[in-house]
Amino acid sequence: MKKKLKLISTEKRIQSFLGEAPLIAASVRITNACNFRCAHCYTEGGCIVKNELNTEEVKSMIDQMAALKTMYIFFTGGEPFLRKDIVDILKYTSDKKIKISISTNAQLINRQILEKLKRLNFSLFQISIEGTKEIHDHFLGKESWGKSIEAIALAKSILKENIGVGTVMMKKNWDVLDRVILEASRQGADIFSLMLLIVTGRAEDSMMPTPKEILRGLQKLFSQYEKLQTKIKFAQNTTILPALVPKKWRKRELHKTFAPCSFPYCIGVSANGDVAPCDGLFNYPELIVGNIREKTLSDIWNKSKVLKEIRKINPTDLRGVCRKCIYKDYCGGGCRAYTYIKYRDFTMPDPICQTIYEAGLFPKDCLK
């Protein structure tokens, strides 16, 4: 690397409280295989990659995470349920008292699978819905919407709680998010997760809504949410930046129900065992900090120079609109992975907030 990585943290405060740098959460691409080729997929899911971790290697990784007191594992893909051992992996994780989140396109979900999962420790069982039937089928594949909708109701009937719908805000769907959360609620979902698009992998800049569209889409979404809030709640992994939450809801402190990203106290693990500071950063060789086949997770977490540098940086080091934002210390600058993808510098502002600020649309009451 030509220059020292500029990266975000409050390491001293964390360590003074916990006595060590905790690995709070991990996002695991359990396979790269996928039955779809979604145009907006940041992981470029599709074909299985060479040398994907086998069952015993995954269990060893989970053992190591448990030893590091990891609280959450988010299993992603590809499509997790293309792994024949996924039920075994999820049960093993639950037995280790680690909370589980999983994201699926739901095409392989059936009653038999859900019955095997119903006693596990899910904090989120998330099914992707990317819009109305026409929009969803455009992204995932013909007739996929119906199967996904059926899976929500089926999961609710068997798993009972923490059934989520996950949606990525894009150019094609920003104006129907209110309809998505309404349909999610009708089918029994009790959690809704909105993710802002990250332009990496197969996603392109042309898929990003304009600043005006982002803010208008959020206004419509929250207007619908006001009618549904007794039935469905926003997921903790919702990536709406606090300053972009409509003022009415910020006054009610709704943004505090979205858990700030655990970065830099998290890692991403790829299907072949590579480790990066976040699941969104595998396209950058300088940020691959090791492989769990070659080093223990403890060694990677505690000895990686890159991870140590990340944990030294404070919110006061942020630049751009983040430096001026009243929520800087709370949200930590939004998505640090997308910041690196956009600017190759972790001290730069969240790209979406910065774009909205440069368009003159950033809420003035959120600026110092």
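Residues numbered from 1 in each chain as written. Predicted model: local features only at pLDDT ≥ 70, side-chain atom pairs only at ≥ 80, totals over all residues. Heavy atoms only, no water.

**Brief notes about the packing of helix 2 (residues 55-67) against helix 3 (residues 86-95)**
Helix 3 packs onto helix 2 with a crossing angle of 20° between their chain directions and a minimal axis gap of 10 Å. Between helix 2 and helix 3, the interaxial angle falls into the category roughly parallel. Crossing angle aside, the handedness with which helix 2 passes helix 3 is right-handed. Taken together, the residues of helix 3 that come into contact with helix 2 (itself represented by Thr55, Val58, Lys59, Ile62 and Asp63) are Asp88, Ile89, Tyr92 and Thr93. Grouping the constituent residues of the contact of helix 2 with helix 3 by class yields 4 nonpolar, 2 polar and 3 charged. (Axes fitted to C-alpha atoms, helices over the stretch in contact; angles between N-to-C directions. Helix = DSSP H or I, 4+ residues; strand = E, 2+ residues; numbered from the N terminus. Parallel < 35°, antiparallel > 145°, perpendicular 65-115°, else oblique. Left-handed = near helix turned anticlockwise from the far one by under 90°. Contact = heavy atoms within 4.5 Å. Nonpolar A, V, L, I, M, F, W, Y, C, P; charged D, E, K, R; others polar.)

**So, the packing of helix 14 (residues 336-343) against helix 15 (residues 351-358)**
In helix packing, the relevant descriptors are the interaxial angle and the interaxial distance, both defined with respect to the helix axes. Running from amino to carboxyl end, helix 14 crosses helix 15 at an angle of 65°, the nearest separation of the two axes being 9 Å. Between helix 14 and helix 15, the crossing angle belongs to the class labelled roughly perpendicular. Every residue of helix 15 that contacts helix 14 at Tyr338, Thr339, Lys342 and Tyr343 is listed here: Pro351, Ile352 and Gln354. Among the residues forming the contact of helix 14 with helix 15, the class breakdown is 4 nonpolar, 2 polar and 1 charged.

**Considerations on the pairing of strand 4 (residues 122-128)**
For strand 4, a buried count of 6 out of 7 residues is recorded, marking the element as mostly surrounded by other parts of the structure. Where strand 3 (residues 99-104) meets strand 4, 5 bridges bridge the pair, whose relative direction is parallel. The partner of serine 103 across the bridge, within strand 4, is glutamine 126. Crossover connection from strand 3 via helix 4 (residues 111-117) to parallel strand 4: handedness right-handed. Note: strand 4 against strand 5 (residues 163-169), 4 bridges, orientation parallel. When the bridges of strand 5 are listed, phenylalanine 125 appears paired with isoleucine 163. (Buried < 20%, exposed > 50% of the residue type's maximum accessible area, 1.4 Å probe, protein only. Pairing = 2+ DSSP bridges. Right-handed = clockwise from strand over helix to strand, strands pointing away.)

**Notes on unusual backbone geometry**
The omega angle of the peptide bond from glycine 77 to glycine 78 is 10°, so this bond is cis rather than trans. One can find glycine 78 in the loop between strand 2 (72-76) and helix 3. Cis rather than trans, the peptide bond between phenylalanine 263 and proline 264 has omega equal to 10°. Structurally, the position occupied by proline 264 is in the loop between helix 9 (247-251) and strand 8 (266-269).

**Considering helix 14**
Burial within helix 14 is extensive, with 6 of its 8 residues counted as buried. In this structure, the buried side of helix 14 is in contact with helix 12 (321-324) and helix 15. Taken from the residues just after helix 14, arginine 344 is the one with a positive phi, measuring 60°.

**Quick word on the nonpolar core**
Of all hydrophobic cores here, the largest spans 118 residues; its most connected members are Leu90, Leu117, Phe125, Ile240, Leu244 and Leu281. The element that contributes the greatest number of residues to this core is helix 6 (residues 144-159), accounting for 8 residues. Beyond its immediate stretch of four places on either side in the chain, isoleucine 240 contacts Leu194, Leu218, Leu221, Phe222, Phe234, Val245 and Phe258. (Core = buried A, V, L, I, M, F, W, Y, C linked by side-chain atoms within 4.5 Å.)

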